[in-house]
Amino acid sequence: MTVTLYLMFIHQTTKKQNQNPQIKTNNISNGVNNPELMAPDTPCPGGKRHKRRFYMKKTLIGLMIALCATFLFINQFNVFSQHGDGTGGRQISKEDQAAYQQHMAEAKRLAGEGKNDEAMKEIDKALNYKPNDPDALALQSKITPKINGMVFTEKNPQGYLEYRHKRTGITFILIPGGKFLMGRKPGPGGGEGEIDNPPHEVILSDFLMSKTEVTQGAWRKIMKERKDKTDDSPSFFKAEDDFPVEQVSWEDCQKFIEWSKDMRLPTEAEWEYACRAETSTNFYWGDDEDVEYMWFTKNSGAKTQSTKNRKPNSYGLYDMSGNVAEWCKDWYDAKYYYNSPKENPQGPKTGKLKVMRGGAWKSDAYPCRSDVRSKIDPKTRSSEIGFRCASDVK
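In this text the structure is predicted, and so the values were computed from the model without any measurement. (Residues numbered from 1 in each chain as written. Predicted model: local features only at pLDDT ≥ 70, side-chain atom pairs only at ≥ 80, totals over all residues. Heavy atoms only, no water.)

A. Seen up close, the overall build of the chain. Each helix and strand counted, the chain has nine helices and 13 strands in total. Long-range pairs, those at least 24 residues apart, make up 67% of the contacts in the chain with a sequence separation of at least 6. A total of about 21000 Å² of accessible surface is found on the chain, and carbon and sulfur atoms cover 54% of it. (Helix = DSSP H or I, 4+ residues; strand = E, 2+ residues; numbered from the N terminus. Contact = heavy atoms within 4.5 Å. Areas by Shrake-Rupley, 256 points an atom, 1.4 Å probe, with all protein chains shown as cover.)

B. Fine view of the sheet that holds strand 3 (residues 150-155). The strand order 3-4-5-8-13 describes an open sheet built from five strands, whose pairing is antiparallel. A strand with exactly one partner marks an edge of an open sheet, and here the two such strands are strand 3 and strand 13 (390-392). When the angles between neighbouring strand axes are averaged without regard to direction, this sheet yields 35 degrees. Bridge analysis of strand 4 (residues 161-165) against strand 5 (residues 171-175) gives three bridges, and the strand direction is antiparallel. Pairing of Tyr 163 across the sheet is with Phe 172, part of strand 5. (Pairing = 2+ DSSP bridges. Axes fitted to C-alpha atoms, helices over the stretch in contact; angles between N-to-C directions.)

C. A look at empty space enclosed by the protein. Throughout the structure, instances matching the rule amount to one cavity of 30 Å³ or more. Approximately 50 Å³ is the volume attributed to the largest cavity. (1 Å grid on protein atoms, 1.4 Å probe; cavity = no way out; pocket = protein on both sides within 12 Å on 5 of 7 lines; lining within 4 Å. Points joined across faces, edges and corners; volume = space filled by probe spheres on them.)

D. Expanded view of the state of the cysteines. Here the structure, examined in full by the defined rule, presents zero disulfides. Of all cysteine sulfurs, the one in Cys 275 lies closest to Cys 368, which takes part in no disulfide; the gap is 9.7 Å. (Disulfide = S-S within 2.5 Å.)

E. Examining the layout of surface pockets more closely. One number sums up the size of the largest pocket: a volume of about 400 Å³. Along the walls of the largest pocket sit 16 residues, with Asp 117, Met 120, Lys 155, Leu 161 and Leu 174 positioned nearest its centre. Counting residues per element, the lining of the largest pocket draws most heavily on helix 5 (residues 116-129), at five residues. Tallied by class, residues from the lining of the largest pocket come to eight nonpolar, three polar and five charged. Each pocket or cavity is described by its volume, and for the second largest pocket that value is around 210 Å³. Lining the second largest pocket are 14 residues, and of these Phe 180, Leu 181, Arg 276, Thr 279 and Ser 280 sit closest to its centre. Elements supplying a minimum of two residues to the lining of the second largest pocket: strand 6 (178-182) and helix 9 (268-276). Here the lining of the second largest pocket takes four residues from strand 6, the largest share from any one element. (Nonpolar A, V, L, I, M, F, W, Y, C, P; charged D, E, K, R; others polar.)

F. Inspection of unusual backbone geometry at higher detail. Positive phi, close to 60 degrees, is recorded for Gln 247, a residue that is not glycine. Relative to the helices and strands, Gln 247 resides in the loop between helix 7 (216-226) and helix 8 (250-260). Residue Lys 308 is not a glycine yet carries a positive backbone phi of 65 degrees. Residue classification places Lys 308 among the partly exposed residues on the basis of a relative accessible area of 47%. (Buried < 20%, exposed > 50% of the residue type's maximum accessible area, 1.4 Å probe, protein only.)

Set out below in structure tokens:
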């Protein structure tokens, strides 16, 4: 590399020298030294010493340029090779490399036995040593659950799997099933009314919940494809694509879901479980209101705000409290908690009102709590009401 650059430099220099009559002929004028081109102490007729110095300087400059170019080339190559192995350019010790290989070998063994949950834990350990390792990420993608209409994208900072809905581009989070105590706790700060009581144990299967409320961008994309009379820009607060869509009725949401495919509204039980994110407090961050987590009357500026601008819960879900209230799949029944099924409750079979959850930009803190139920006519459109989607894991 160095020799090549050097020879190219000398060739270009010589070519310019031969093409320049001032350098080629003016050194000698009828055998007499030209004082304008030669040093005062040059004793040599014909300027041979001047030419020698000229070529020596050019040679040294050429070597320096070639050496610098070679150094830059080697350094760039090293950077690319370091970044390509998942280390992010940092050096990895022999001990860390050995630990990485051990976790990857164990992950492959467990995956081969169908123990994907355990294999995922080993992959996480391997990624601690090489955060962007392509082999670990490829294995992670291979063993994640395959879900209709969805493409696995990554594991989020909270440690949960994220998927992209193919048709809409909406990001979903895989919420692991489990059991929780649904309803308002009795006593100070809790509830005494029948609509939120009694607290009761609920068991849910795995499901997907959209990371944010459905945005105006996603709504416009789908409703323009429908080409029917459904408004593709219904929001009162018309804004950028990442703002939540509002002024949509429960029935409008069904049109969006029907056209999008492979998604639905969450059940009320799924909504509260996803909102709580394994907490039992009034809100998913604690018992007291906090403007860092929610858009409500005290900080919203009397309008909706862009999604993902407040802190998420421990699943990685944004705006489960505030911004816009969210439709649920269930019909509303004030006494439903007294006789609801323990496993995967779907709500009453019939009714006149639909369940709404989460509070909105105009709400005070109380309706934004994890456990508070609201009800409304399914035909209602309001700048305070939007929705988010869920999907089955299948």
